[in-house]
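Close look at the chain arrangement
Each chain, written out:
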Amino acid sequence: MATFHCRSAFISDVHLGTPDCKASYLLDFLRKLRCEKLYLVGDIVDMEALARRTWWHADHGAVIAEVLDLARRGVEVTYIPGNHDAPVRGLAGQSFGGVKIALDAVHEGADGRRYRVSHGDEFDPEQVGRTWMVHLGEVMHRFICWTNRRVHAMRRRLDLPYLPLSIIVKSHIGKALAYIRAYEQRVADDARERGFDGHICGHIHFGHVRDMDGVLYLNDGDWVEHCTALIEDHTGAMELIHWSEQHAPLGRASRELVLPSPAAALALAPLTRSQLDLSQLRPAA
C-alpha cells in the first residue's frame, strides 16, 4: 500500500455517527498517512446527531481505531473538540489512548511560522442560533447533504469519481459566499490581534487557503461534503488536499508564495481534470 508522507495533518468535521460521513475515504487517508503530528480539529464524533438517533457504521469505528493506532505508533495526536462534540471539552488536559484533548493549540511550522488551531465555532456571529433564518439554513443544509448522498451512491454505481455537490451549491449562492468571507475575516483578524502568522480551523465545511493582509487563513474543510485535509510538508508549506477516488491539491501556502484555493475550484472543474495540478492556481496578489 502506497504511503503519504507529511510533517503534520489537520482534519475536522468528520461527523462520525451520521450517514453523511465519508468514512471510507477518511479511512483510506489515515491508513496511508505517515506524519509526526495529527490534529483532530473538532466535530469528529457527532454527539448531537447520536443523541437524536443512534446510527453507526463499521467504517466509523475503524476510523477511531486507526487514529488510536497512529497514536500508538508515536504520532502526536491532539483532539480539539468542536460544537458537535462539545461534551469532550470537559476532558481538556487529559489523554486517552495517547490522544491529547485540548481546547485549542499552537502549532509551530517547520519554517517557524506560528498558528493558532481551534475548531472555529467561537467565530460564529452572536446572532447565530437565535433566528428562524438559521433553522431554515440548517434544513437546507440537511437537504443538500441528503441529495449529495444520493448523487454519490449513483456515481459509485456508475464507477464515477466523487463529486462534492454542496461546494457547487455554496459557490453559486451569493449569501453563502458572503457569510464565508465574513467568517474568514473574523478568524484572520483574531489571529492578527493575537500575534500569530495564521489560524487553522474547520467548522464551516469550506476548505480554503487564503492570505489576508499577511495572515494565513487555513480551513481544513470536512469529510461530510468535500473530503479535504490540510497537510504541512517538511519545509513548513501548508497544502489543502481533496481525498477520494481522485486526489487533488486545492491550495498551497509557503513562506515564499501563496496559491489560494479558488472559491469555486471544484464547481468549475471535475476533480478528474484538476488532479495533482497546482499550475492553474495563481499567486496571491
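Right above here is the structure, for reference.
So, a few notes on the structure that sits alongside this text.

Definitions and cut-offs
- Residues numbered from 1 in each chain as written.
- Predicted model: local features only at pLDDT ≥ 70, side-chain atom pairs only at ≥ 80, totals over all residues.
- Heavy atoms only, no water.
- Helix = DSSP H or I, 4+ residues; strand = E, 2+ residues; numbered from the N terminus.
- Buried < 20%, exposed > 50% of the residue type's maximum accessible area, 1.4 Å probe, protein only.
- Contact = heavy atoms within 4.5 Å.
- Areas by Shrake-Rupley, 256 points an atom, 1.4 Å probe, with all protein chains shown as cover.
- Pairing = 2+ DSSP bridges.
- Axes fitted to C-alpha atoms, helices over the stretch in contact; angles between N-to-C directions.
- Polar contact = N/O pair within 3.5 Å; in protein donor to acceptor, adjacent residues only side chain to side chain.

Quick word on the overall build of the protein chain
Helices and strands together make up the secondary structure of the protein chain, namely 8 helices and 16 strands. Out of the 285 residues in the protein chain, the part that is buried amounts to 52%. Sequence separation of 24 or more characterises 68% of the internal contacts of the protein chain that already satisfy a separation of 6 or more. As displayed, the protein chain has an accessible area near 13,200 Å², and 56% of this comes from carbon and sulfur atoms.

Here's the deal with helix H1 (residues 23-32)
Since there are 3.6 residues in each turn of an α-helix, residues three or four apart along the chain are aligned in direction. Across the 10 residues that make up H1, a large majority, 7, are buried. Considered for burial, the residues of H1 that qualify are Ala23, Tyr25, Leu26, Leu27, Phe29, Leu30 and Lys32.

Things to note about the sheet that holds strand S6 (residues 95-96)
Overall, mixed pairing links the 9 strands, which are arranged S6-S7-S5-S4-S2-S13-S14-S15-S16 in an open sheet. Looking at the sheet topology across the chains shown, the edges are occupied by S6 and strand S16 (258-259). Relative to the sheet, H1 contacts strand S2 (8-11), strand S4 (37-40), strand S13 (228-232), strand S14 (238-243) and strand S15 (247-253), its axis offset from that of S14 by approximately 130 degrees. Its contacts with the sheet put helix H3 (residues 58-72) on S4, strand S5 (76-79), S6 and strand S7 (99-101), and the angle it makes with S7 is roughly 105 degrees.

Things to note about unusual backbone geometry
For histidine 203, which is not glycine, the phi dihedral falls at a positive 75 degrees. Note that histidine 203 resides in the loop between strand S10 (198-201) and strand S11 (208-212). The phi torsion at aspartate 213 lies on the positive side, around 55 degrees, for a residue other than glycine. Along the polypeptide, aspartate 213 turns up in the loop between S11 and strand S12 (215-219). Its relative accessible area of 72% is what places aspartate 213 among the exposed residues.

Details of the environment of histidine 107
Here histidine 107 shows up in strand S8 (residues 105-108). Of the residues examined, histidine 107 reaches a relative accessible area of 0% and is grouped as buried. Considered as a pair, histidine 107 and valine 117 are 10 residues apart in the sequence and their alpha carbons are 6.9 Å apart. When near neighbours in sequence (up to four residues on either side) are disregarded, histidine 107 contacts Arg7, Ser8, Phe10, Lys37, Tyr39, Arg113, Arg114, Tyr115, Val117, Glu232 and Met238. A polar contact of 3.0 Å, which involves the side chain of histidine 107, links it to the side chain of tyrosine 39.

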